[in-house]
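Secondary and tertiary structure notes
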Amino acid sequence: MEVSDSISPLKAKESISNIKWKFSDLIADYEIRERWEKVRKYFFLRESTYDMSNRCNLRCDGCYYYEGEKQFAPENGNPEAWAKLMREEKARGITYVVLAGAEPSLNPNLLQVCYDEIPLGSIATNGFKRIPESVDYMIHISVWGNDNTSSRVRGAKNLLKKQIENYKGDPRAVFVFTFTRENINEVYEVIDIIAANYCKITFNMFSSPVGYTGSLRHNDESRALTRKAMMDLLGQYPDNVLFSPYSAISHTHSQSLHGLFSCSYPRMNPSTDIGLGRSFRQYRTNLSWDRSAACCVPDTDCADCRHYASGSAVVTARLYRHAVNPELFKSWLDYVDTYLSIWVRGYEKSKNLCDVMYAPPGYEL
Amino acid sequence: MSQSKTINAKDIILKIAEIIISELKLEDITPETFNPDMDLVDELGIDSMDLTTVALVLQDEYGITIDEDDYPKLKSIRLIAEYIQNELNNKN
């Protein structure tokens, strides 16, 4: 694979018009206005995240859960305590929950408790154990390569087969392929299998935990190859791939998401005036939380964070910087439309408005 | 809308209220009944995306630039009105 081919078949543009558009002129365009009205209905979403278990049935190289202090928090398995927490969260304005670490499917009763109180949310799982249908959240199933790689990096045999058995035809399910430095070419065989089973897939970038120096960490070459793979597959599998050109740019850029957009999660944002800095919390399994550590991927190195969960909030929050010309605003709308289709049950992704890769505001491609 | 002349503070307050009501699709409230000192975050529950949207519309309406870093200052309609008047004065 040649890096120089990395943006074919779609075009790329390094620079765009310097003219600053009025917002009213941007949304005067029918296509833009329609998409704007579609996505803005979800501006009410306010998330927090919750570790549901400190146990996992796999042990993956580079897992951020088993970094830092949070892994040592004892589990609170009391459904009443969780129901009370969810009611309190709702009362302070949380409308969306992300249930994660270490492996949430090991505590299905707690997932049900959360769903019964706050019905919008998602679960990050390895997909090894099926989550009951009564928990009608989006389910993100992590894929780290083909089965050989899964055996080596995650210690799991026939994992993709098992994941598909569990979630084939399930409208809650989105497979999340995490690109590492080592598995880029494997995405092609994985997506063939995903598509043959009519499943949906989106892309994540391995983002190193603090202090991680292992072989999964991306470098310039691997980010370029990953960008090419993302764009190839976006073109080849439009019915299966939930992604956009601007997603590819934002997540494979030489700058991390924090570098590009200034992360708005509390860990990197001291302001408590409004937005994520004010409302976001990341609860550990003992239902405690720590503002200084709170973000959607705690213990990830912010300078290397290109995580899909982080981007969904960090890129979206920068509406102001993207509402400057039609191309960039359409790119942002595609990004938000993509993230909503991955995170919100029943939200259907539309065709991307922009098939050209534009650089984030203030940066080159 | 040209802003070369001084605008009455009450008119700005009513216009901001009208924009917030329209953009946030608020019901059971009119520009006249909207308390200009209501805390938009604490009392109305406005979030950053809503505030950004309102700021973008206000920029168009008054021909000013509202810096992203200034959003936390815009906590009530009265404070927004003062901000706009300052920007218009600086511009003129």
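All of these numbers come straight from a predicted model, not from anything done at the bench.

Calculation criteria
Residues numbered from 1 in each chain as written. Chains lettered and ligands numbered in written order. Predicted model: local features only at pLDDT ≥ 70, side-chain atom pairs only at ≥ 80, totals over all residues. Pairing = 2+ DSSP bridges. Helix = DSSP H or I, 4+ residues; strand = E, 2+ residues; numbered from the N terminus. Buried ≥ 20, exposed ≤ 12 C-beta atoms within 10 Å, placed from the backbone. Contact = placed C-beta atoms within 7 Å. Nonpolar A, V, L, I, M, F, W, Y, C, P; charged D, E, K, R; others polar. Core = buried A, V, L, I, M, F, W, Y, C linked by C-beta atoms within 7 Å. pLDDT = per-residue confidence, 0-100. Right-handed = clockwise from strand over helix to strand, strands pointing away. Expected span 1.5 Å × (residues − 1). Axes fitted to C-alpha atoms, helices over the stretch in contact; angles between N-to-C directions. Parallel < 35°, antiparallel > 145°, perpendicular 65-115°, else oblique. Left-handed = near helix turned anticlockwise from the far one by under 90°.

The next thing to look at is the sheet that holds strand β6 (residues 173-179) of chain A. One key point about sheets: their strands pair by backbone hydrogen bonds, in either a parallel or an antiparallel sense. Residues and elements named next belong to chain A. Strand order in the open sheet formed by 7 strands is β7-β6-β5-β4-β3-β2-β8, with parallel pairing between adjacent strands. Two strands bound the open sheet, and with one partner strand each, they are β7 (201-205) and β8 (282-283). Bridge count for strand β5 (residues 138-143) against β6 is 5 bridges, and the pairing is parallel. If you follow Ile-141 over to β6, its bridge partner there is Phe-175.

The next point concerns the environment of Asp-50 of chain B. With respect to the helices, strands and loops of the structure, Asp-50 of chain B is situated in helix α2 (residues 48-62). In this structure Asp-50 of chain B comes out as buried when scored by C-beta crowding, with 20 C-beta atoms within 10 Å. Expressed as a C-alpha distance, the spacing of Asp-50 of chain B and Glu-23 of chain B, which sit 27 residues apart in the sequence, is 7.9 Å. Not counting chain neighbours up to four residues away, the residues in contact with Asp-50 of chain B comprise Phe-43 of chain A together with Leu-24 of chain B.

Contacts between chain B and chain A engage 15 residues on the former and 14 residues on the latter. Here the side of chain B that touches chain A is composed, by residue class, of 7 nonpolar, 4 polar and 4 charged.

Quick look at the nonpolar core now. In terms of nonpolar packing, the biggest core is built from 132 residues, with Leu-99, Leu-111, Cys-114, Phe-175 and Phe-177 of chain A together with Ile-16 of chain B touching the most fellow members. The element best represented in this core is helix α14 (residues 326-343) of chain A, accounting for 10 residues. If near-sequence neighbours (up to four positions away) are discounted, Phe-177 of chain A is found in contact with Val-143, Val-187, Val-190, Ile-201, Phe-203 and Asn-204 of chain A.

This paragraph deals with the confidence of the model for chain B. Residue and element names in this part refer to chain B. Within chain B, residue pLDDT values average 91, and 93% of them lie at 70 or more. When pLDDT is averaged over each helix and strand of chain B, the minimum, 94, is found for helix α3 (residues 77-91) and the maximum, 96, for α2. The ipTM assigned to the predicted complex is 0.88, against a pTM of 0.92.

All names here are of chain A. The element β6 is largely enclosed, with a buried count of 7 among its 7 residues. Residues Ala-173, Phe-175, Phe-177 and Phe-179 of β6 are buried on one face, and the alternating residues Val-174, Val-176 and Thr-178, pointing to the opposite face, are buried as well. Pairing geometry for β6 and β7, over 5 bridges, is parallel. Each bridged residue has a counterpart across the sheet, and for Thr-178 the counterpart in β7 is Asn-204. At this point the chain moves from β6, through helix α7 (residues 186-196), to the parallel β7, and the crossover so formed is right-handed.

In this section: α14 of chain A. For α14 of chain A, which comprises 18 residues, the first-to-last C-alpha distance of 25 Å matches the rise-based estimate of 26 Å (1.5 Å per residue) to within 8%. In terms of residue burial, α14 of chain A counts as a mostly covered element, since 15 of its 18 residues are buried.

Turning our attention to the packing of helix α1 (residues 9-23) of chain B against α3 of chain B. Residues and elements named next belong to chain B. Contact geometry of α1 with α3 gives a least axis separation of 9 Å together with a crossing angle of 120°. For the element pair α1 / α3, the angle class is oblique. Judged by the sense of rotation from one axis to the other, the crossing of α1 with α3 is right-handed. Touching Ala-9, Ile-12, Ile-13, Ile-16 and Ala-17 of α1 are Ile-77, Arg-78, Ile-80, Ala-81, Ile-84 and Gln-85, all from α3.

This part is about the confidence of the model for chain A. Here chain A averages 91 in pLDDT, while 95% of its residues score no lower than 70. Between residues 1-15 of chain A, whose pLDDT stays under 50, and residues either more than four places distant or in other chains, the model counts 29 contacts.

A separate point is unusual backbone geometry. Put simply, Gly-101 of chain A and Ala-102 of chain A share a cis peptide bond, and its omega is -20°. Relative to the assigned elements, Ala-102 of chain A resides in the loop between β3 (96-100) and α4 (108-117).

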